[in-house]
Amino acid sequence: MAKRLPRDPDKEKAILVAAVQEFGDAGYRVSTDTIAEKAGVSKGSVFRYFDNKKKLYVAAVQMAMKTLIDVVDLSVWTDSDDLVSMIINATRYKTQLSHQYPSEFALLTRVYSQDSMIPPKVRKQVFDIFSKWETVVSNQVINAMLKKMVLRPGLNRDHVKKYLMNTLAMVMVDIQQYFEQHPEVKRMEDMGDIIDEIKEYMDMVENGIVG
């Protein structure tokens, strides 16, 4: 029996880095030949380390998540004084991160949207991995926010958390689009129109919509 060659950590990392970039840019349809060429290795090396394309995709998603987990600063969310500043600060920070780590964000966006090009079993596997991480982070952020809020008597705290998570996710998508369309905006004082819109949403959250 032929002796199995030892794993080369540098080569394995190069394959993963290339996979994150290529899967992020082109989606699951990208060929392993392209990934191998990007990594500077043979196609055989890709399969020696990851067996098949499905396992490589899962490993690439895990690497993208680890990269962001290692750098993200949740205090941007949790240390904000109020809901409006928290949403603005968090979305601006997220936008900055997406520019620093475009491939990671692109790949995880495909996972979040459950890209139909990904085989169903793999799609579920990576979405479950992403969802567990997102739930942990969201709970930390929402719990910190709830500590600063005086809830109306009789409200179910878990239902309030779910409501806030859904509302904030929608609002932050709008703000991220605003930042993408207005890259010149850097200061809170220059964001009058979007801040007014956020304040209106937060007023709805705190006071309802029925007069």
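Keep in mind it's a predicted model, so treat the numbers as computed, not measured. (Residues numbered from 1 in each chain as written. Predicted model: local features only at pLDDT ≥ 70, side-chain atom pairs only at ≥ 80, totals over all residues. Heavy atoms only, no water.)

## Regarding the overall build of the protein chain
Looking only at helices and strands, the protein chain has 10 helices and 0 strands in total. Each helix and strand of the protein chain, placed in order from N terminus to C terminus, yields the pattern α-α-α-α-α-α-α-α-α-α. Of the accessible surface of the protein chain, which amounts to about 12700 Å², a share of 53% is contributed by carbon and sulfur atoms. (Helix = DSSP H or I, 4+ residues; strand = E, 2+ residues; numbered from the N terminus. Areas by Shrake-Rupley, 256 points an atom, 1.4 Å probe, with all protein chains shown as cover.)

## Details of the nonpolar core
Residues Phe23, Leu56, Tyr57, Trp77, Ile87, Ile198 and Met202 are the most contacted members of the largest nonpolar core, which totals 63 residues. Broken down by element, this core gets its largest block of residues, 9 residues, from helix α4 (residues 53-71). Other than its neighbours up to four places away in sequence, Met202 contacts Leu83, Val84, Ile87, Leu168 and Val171. (Core = buried A, V, L, I, M, F, W, Y, C linked by side-chain atoms within 4.5 Å. Buried < 20%, exposed > 50% of the residue type's maximum accessible area, 1.4 Å probe, protein only. Contact = heavy atoms within 4.5 Å.)

## Examining the environment of Asp73
Within the secondary structure layout, Asp73 lies in the loop between α4 and α5 (75-78). Linking Asp73 and Tyr101, residues 28 residues apart in sequence, is a C-alpha distance of 14 Å.

## Regarding the side chain of Glu104
Within the fold, Glu104 resides in helix α7 (residues 102-112). Despite its burial, Glu104 pairs with no opposite charge; the closest candidate is Lys13, at 10.0 Å N-O. Apart from the residues within four sequence positions on either side, Glu104 is in contact with Val20, Ala64, Thr67 and Leu68. (Lys, Arg positive; Asp, Glu negative; His and termini not counted. Salt bridge = Lys/Arg side-chain N within 4 Å of Asp/Glu carboxyl O.)

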